[in-house]
Amino acid sequence: MAKRTVKDLEVSGKKVIVRCDFNVPRKDGVITDDNRIVMALPTIKYLVENKAKVILMSHLGKVKTEEDKAKNNLECVAVRLQELLPETKVTFCPATRGEELENAVAALQDGEIVLMQNTRYEKGESKNDPELGAYWASLGDVFVEDAFGSVHRAHASTVGIPTNIKENGLGFLVEKEVTMLGKAVDEPAHPFVAIIGGSKVSSKIDVIDNLLKKADKVIIGGGMAYTFMKAQGGNIGTSLVEDDKLDLAKEYLEKAGDKLVLPVDNVCADAFSEDANTQVCKSGEIPEGWMGLDIGPATVELFKETLAGAKTVVWNGPMGVFEMKKFAKGTELVCQAISELPDAITVIGGGDSAAAAKQLGYAEKFSHVSTGGGASLEYMEGKTLPGIAIISEK
Ligand SMILES: Nc1ncnc2c1ncn2[C@@H]1O[C@H](COP(=O)(O)OP(=O)(O)O)[C@@H](O)[C@H]1O
Ligand SMILES: O=C(OP(=O)(O)O)[C@H](O)COP(=O)(O)O
């Protein structure tokens, strides 16, 4: 059976809560890539045109402290949305519960939008606190799940709300992502190469287990690689590492054999800065006080050899800190190698990975650029995505 979509719902005059993924990359509080906002527009425009009262919700970044709150204020997204929708009234509500939020919702006219502050300002969000899900659900009549990048998270806003609102459906973005990713990997053509990089080690290392079963090669780059290097007993200096994942990395290394392809050299820096001194270090030989911020030239060649002849490529997580020009080469050259593969289905996913592909001029070269990183990986592994599973069948 197919899931209901926004087109199956009666929305005119109704208060419609839409969970979007507006977790956009920013520098000094300024949005550096608005792709996730732009990709959410088809659903939002449909609801506005059909005279719904639109309540948008999203998380932004990780929020653990008061300082994190200041860093991850969602208001910048409301400003961008208003620019993208000049004919529509967009307001921002700084409250995540209480009278101020309820008044903002009550003031909505048909075809107007309110964006609520970052859902992660509420401690109960990431724990899927039932009271919070029920409270947010009480603000609306209808729920639309359109946060593809977050559907692998069972949180109050992605699962708690639709648990309480039976009039629910998928938005156009989730529908499109599932179709595109399904086409790419339901029966992947081989050789199938998966590439994992980026910085979210603990939240993404688990997917490697399943990828090792499906793919012919799994390339590990970016910040993910140093936990593996340390697990091999190498010196990684001050590179990104998650020590509580060392045993898991060891286990993968033992069972994967040469299926797992790790960097052999790294562009290292003496500070996390564009002005840092740099040197290329062999893997496992990074001096104290230095950190790996990109894959090195020999690794680029190794990864190119690994990719040669691939018919399916799935990639999440940049190969280095591409936001700084000095450490963008590895990501750029891997993009280039993928773009030159003849007849391959190629998918890149993730907020930062999609931004990197765009910034480096390669976005058009991929078969599909997904807004979800962890979500696309879990979908392609065949895992159940809780944010989709909870949505009613047609
Ligand atoms: N060697 C590295 N050390 C630290 N951070 C890294 C390294 N390589 C890549 N990164 C960072 O990883 C981040 C993206 O990781 P992640 O969120 O997992 O990807 P995505 O958003 O594409 O899913 C980028 O901001 C990038 O700077
Ligand atoms: O950016 C996201 O995921 P991604 O880095 O896997 O693309 C989503 O917004 C989910 O964010 P989270 O990993 O903080 O839950």
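From a predicted model like this one, the values you see are computed outputs, not experimental measurements.

A.B. asks: Before we go on, may I ask you to explain the UniProt feature "binding site: ATP" (unreviewed entry) in the protein chain in this structure?
C.D. replies: Following the UniProt record, one finds the feature "binding site: ATP" (unreviewed entry) at Lys204, Gly292, Glu323, Gly350, Gly351, Asp352 and Ser353. Relative to the assigned elements, Gly292 resides in strand β16 (residues 291-295). Gly292 has contacts with Tyr226, Ser239, Val267, Cys268 and Ile286, leaving out every residue within four places of it along the chain. When you line up the elements, Ser353 lands in helix α14 (residues 351-359). Discounting chain neighbours no more than four positions away, the residues touching Ser353 are Asn316, Gly317, Pro318 and Ile348.

A.B. asks: Before we go on, may I ask you to explain the domain arrangement of the protein chain in this structure?
C.D. replies: In many reports, interface size means the accessible area that the parts give up when they come together. Domain assignment breaks the protein chain into domain 1 (6-175) and domain 2 (187-379). Relative to domain 2, the C-alpha centre of domain 1 lies at a distance of 31 Å. At the interface, 13 residues of domain 1 touch 16 residues of domain 2. Approximately 1100 Å² of surface area, both sides summed, lies buried where domain 1 meets domain 2, with 56% of it carried by carbon and sulfur atoms. The largest share of the area that domain 1 buries against domain 2 comes from Arg36, Phe148 and His152, three residues that together contribute 44% of it. Along the contact surface separating domain 1 from domain 2 lie one salt bridge. Put simply, Asp33 and Lys358 hold a salt bridge, and the shortest N to O gap is 3.2 Å. There are two residue pairs in polar contact (both at pLDDT 80 or more) connecting domain 1 and domain 2. No other element matches the three residues that helix α1 (residues 35-49) contributes to the side of domain 1 that touches domain 2. Grouping the constituent residues of the side of domain 1 that touches domain 2 by class yields five nonpolar, three polar and five charged.

A.B. asks: Just to check I follow, could you spell out the sheet that holds strand β13 (residues 265-269) for this structure?
C.D. replies: Hydrogen bonds between backbone groups are what pair the strands of a sheet, and the pairing can be parallel or antiparallel. Sheet architecture is open: three strands sit in the order β14-β13-β16, paired in antiparallel fashion. Edge positions in the open sheet fall to β14 (278-282) and β16, since each of these has one partner strand only. Averaged over all pairs of adjacent strands, the angle between strand axes in this sheet comes to 40°, irrespective of strand direction. As judged from the five bridges shared by β13 and β14, these two strands associate in the antiparallel manner. By the bridge assignment, Val267 is partnered in β14 with Val280. Seen against the sheet, helix α12 (residues 297-307) touches β13, β14 and β16 and runs at an angle of roughly 45° to β16.

A.B. asks: Looking at this structure, how should I read the packing of helix α9 (residues 207-214) against helix α11 (residues 246-256)?
C.D. replies: Each pair of packed helices can be summarised by the angle the axes make with each other and by the distance between the axes. Taken N-terminus to C-terminus, the directions of α9 and α11 make an angle of 10°; their axes are 11 Å apart at the nearest point. Taken as axis vectors, α9 and α11 run roughly parallel relative to one another. On the side of α9, the interface is formed by Ile208, Asp209 and Leu212, while α11 contributes Tyr252, Lys255 and Ala256. Here the contact of α9 with α11 is built from residues that sort into four nonpolar, no polar and two charged.

A.B. asks: Just checking my understanding: could you explain the nonpolar core for this structure?
C.D. replies: A general tendency of soluble globular proteins is for nonpolar side chains to be buried together. Counting 63 residues, the largest nonpolar core has Trp136, Ile208, Val218, Ile220 and Phe228 as its most contacted members. For this core, the element with the most residues is helix α10 (residues 225-231), which contributes five residues. Formed jointly, this core draws a minimum of three residues from each of two domains, domain 1 (6-175) and domain 2 (187-379). Residues contacting Val218, with those up to four places away along its chain left out, are Ala194, Ile196, Ile208, Leu211, Leu212, Lys259, Leu260 and Val261. Core analysis: the second largest hydrophobic core is formed by 33 residues, Phe22, Val48, Ala78 and Val142 among them.

Analysis parameters
- Residue numbers run consecutively from 1 along every chain, following the written order of its sequence.
- Throughout, the order in which chains and ligands are written sets their labels, letters from A for the former and numbers from 1 for the latter.
- Local features in a predicted model are, by the rule used here, given only for residues with pLDDT of at least 70; side-chain atom pairs are given and counted only at 80 or more, and totals for whole chains, interfaces and linings are based on all residues.
- Side-chain measures were taken over the full set of non-hydrogen atoms in the model, leaving aside hydrogen atoms and water.
- UniProt positions are given in the numbering used here, feature names are shortened, and annotations may be inferred rather than shown by experiment.
- In this text, helices come from DSSP runs of H or I with a minimum length of four residues, and strands from runs of E with a minimum of two, each type numbered from the N-terminal end.
- We call two residues contacting when some pair of their heavy atoms lies within 4.5 Å.
- Just so you know, the domain bounds were taken from an automatic or database domain assignment.
- Buried area is understood as the total, over both parts, of accessible area removed when two parts are fitted together, assessed with a 1.4 Å probe.
- When a carboxyl oxygen of Asp or Glu is within 4 Å of a side-chain nitrogen of Lys or Arg, the pair counts as a salt bridge.
- Any N or O atom pair separated by 3.5 Å or less is treated as a polar contact, with the protein-specific requirement of one donor-capable and one acceptor-capable atom, and with residues adjacent in sequence counted only for side-chain atom pairs.
- Lys, Arg, Asp and Glu make up the charged group, whereas Ala, Val, Leu, Ile, Met, Phe, Trp, Tyr, Cys and Pro make up the nonpolar group; the residues left over, Gly among them, are polar.
- For two strands to be treated as a pair, DSSP must find at least two bridges joining them.
- All axes are obtained by fitting lines to C-alpha atoms, using only the stretch in contact for helices, and the reported angles, taken between N-to-C directions, cover 0 to 180 degrees.
- Angles below 35 degrees are treated as roughly parallel, those above 145 as roughly antiparallel, those between 65 and 115 as roughly perpendicular, and all remaining angles as oblique.
- Joining through side-chain atoms within 4.5 Å is the link that ties buried Ala, Val, Leu, Ile, Met, Phe, Trp, Tyr and Cys residues into a set, and such a set is a nonpolar core.
- Relative accessibility under 20% of the residue-type maximum defines a buried residue, over 50% an exposed one, and the middle range a partly exposed one, all with a 1.4 Å probe and only protein chains included.

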